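# Remarks on the overall topology
As a plain string of letters, each chain reads:
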Amino acid sequence: MSTVTSTVTSPVSVALFGGGRGGAGIARALLRTPGTSLSLLVNGYDNGLSTGALRRWLPGMLGPSDFRKNLLLHLDPGDPRHTLLERRLPPGATPADLDALIGDVAATGPAEAARELRVVADRLAARPGGLDLADCALGNLVFAGAYLRLGEDFNAAVRACARTFGSPVRLLNVTGGENAFLVALKQDGRVLADEADIVAPQDGVAITGLFLLREPLSAADRAALAGRPAERVRELLARRSATVTPNPEALRALAEADLIVYGPGTPHSSLLPSYLTPGLAEALSGSGAGSGAGSGAAARVFVVNVGGDHDVQGLTATDLVDRTLAYLGDPGNERATITHVLSGRGAGAPAVPARVLDRGSWAGARWISADLEDPARPGAHRGPRTAEALLAVLGEAPLARAG
């Protein structure tokens with residue numbers, strides 16, 4: 001197992017905004033770096049396929065999938081806990097099949113996981129027919145059981161599952177756990193009605209807005225919005241906005257971080273929705289409204305994807321930086337919300353304008369270009385190299401500010 005050689009000699013606290021897998025290689029490399037502690041800030045708006053079925057079965061619960069995936073960071077594929085988290089129930093699975101699996105988990109551990117699965121099995125027995133178990137990840141059902149056992153408190157379920165699987169990461173939902181449903185608006189007024197649509201193949205018309213709604217859009221809602229002008233659709237969606245609050249632990253992690261990383265991932269599902277969280281912009285800028293203390297991070301680094309995503313067709317790397325700044329309420333970067341941009345050179349990466357590479361800056365942030373793509377996994381970052389580059393930025397940041 002390789003480790004990263006850091007130019008930073010003192011202990012380093014890193015807060016990384018991420019999704020399910022986009023920043024996994026970077027997170028693993030940071031975990032293997034001596035003296036580095038990692039807080040991972042994730043949102044729970046996933047609602048694809050079996051995750052969507054689970055959320056419909058438990059109205060009020062956010063999507064656990066990205067949290068489950070981040071519990072794998074420290075586990076080798078052969079670890080029984082890894083197998084448990086990723087195992088999926090087959091087509092036609094019944095509650096009796098789940099009961100049999102609970103017996104296996106109870107025998108092999110973790111015991112807490114078997115306990116949470118039993119909570120789900122008991123709910124299924126009490127309310128039969130409410131959930132199709134086909135393709136459900138056992139790890140998601142463990143989250144669901146913890147959620148039910150802990151009084152339907154999503155953030156408490158995240159903490160409990162992190163303990164169950166021995167995660168060394170400070171895994172945090174960005175919000176207070178309020179349920180919300182992600183919707184996107186395209187430039188021509190069309191609506192991508194959920195997170196699954198946002199990440200799916202689509203045409204090149206740009207996404208121009210993201211909304212967190214109190215309730216998912218019904219078929220009738222979609223029909224009523226179809227064909228309306230984009231600004232009218234924007235107004236109607238804004239009226240349905242959910243009220244969410246920041247997770248105090250997330251604000252604390254940002255306040256304590258030496259290095260804040262806006263990680264790679266699918267921008268309009270994994271990253272930008274997190275930045276809609278009230279209070280986050282103030283915490284990142286250092287003013288810390290509502291949190292008691294702002295961020296004292298020496299560097300705040302935006303990591304550009306080294307591969308493309310369906311939701312960002314036609315957008316350049318600088319467009320993605322600008323969108324992040326806009327969602328964080330600092331469109332001119334006057335509060336130094338982003339101090340550095342770390343850009344890879346992957347063939348599928350968003351284009352970087354030549355003038356930006358020549359100048360070495362954008363929107364007041366220093367632009368650093370490096371070979372960061374993993375040759376074994378095109379479109380993914382080489383974790384150790386990217387982590388080393390991030391820590392090198394941190395090591396240079398105090399000198400850069402002093403100069």
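Residues numbered from 1 in each chain as written. Predicted model: local features only at pLDDT ≥ 70, side-chain atom pairs only at ≥ 80, totals over all residues. Heavy atoms only, no water.

## A few points about unusual backbone geometry
Applicable threshold: Note on conventions: DSSP H or I runs of at least 4 residues are helices, E runs of at least 2 residues are strands, and numbering of each starts at the N terminus.
In this chain, Gly109 is followed by Pro110 through a cis amide linkage whose omega measures -5 degrees. Tracing the sequence through the fold places Pro110 in the loop between helix H5 (95-108) and helix H6 (111-126). One non-glycine residue, Leu49, lies in positive phi territory at about 40 degrees. Along the chain, Leu49 turns up in helix H2 (residues 49-57). One non-glycine residue, Ala363, adopts positive backbone phi at about 50 degrees. Here Ala363 lies in the loop between strand E10 (361-362) and strand E11 (365-369).

## Regarding empty space enclosed by the protein
A probe as big as a water molecule, rolled over the atoms, marks out the empty space that is left. Selection criterion: The definitions used throughout rest on a 1 Å grid laid over the protein atoms alone, on which a cavity is an enclosed set of points accommodating a 1.4 Å probe that cannot get out and a pocket is an open set flanked by protein within 12 Å on both sides along at least five of seven lines; lining residues are those having an atom within 4 Å of a point. Grid points are joined across faces, edges and corners, and a volume is the space filled by probe spheres set on the points. Polar here means any residue outside two lists: the nonpolar Ala, Val, Leu, Ile, Met, Phe, Trp, Tyr, Cys and Pro, and the charged Asp, Glu, Lys and Arg; Gly therefore counts as polar.
A complete count under the given rule lists three cavities of 30 Å³ or more for this structure. Roughly 100 Å³ of volume is contained in the largest cavity. When residues of the lining of the largest cavity are traced back to their parent elements, those giving at least two are helix H13 (267-271), strand E8 (299-303) and helix H15 (317-327). With three residues, H15 is the largest single contributor of residues to the lining of the largest cavity. The residue inventory of the lining of the largest cavity, partitioned by class, reads 10 nonpolar, four polar and one charged. Looking at the second largest cavity, its volume works out to about 60 Å³. Residue lining of the second largest cavity: Leu16, Gly18, Gly19, Gly20, Arg21, Gly22, Gly23, Ala24, Ala27, Leu40 and Asn70, and that is the complete set. Split by residue class, the lining of the second largest cavity holds four nonpolar, six polar and one charged.

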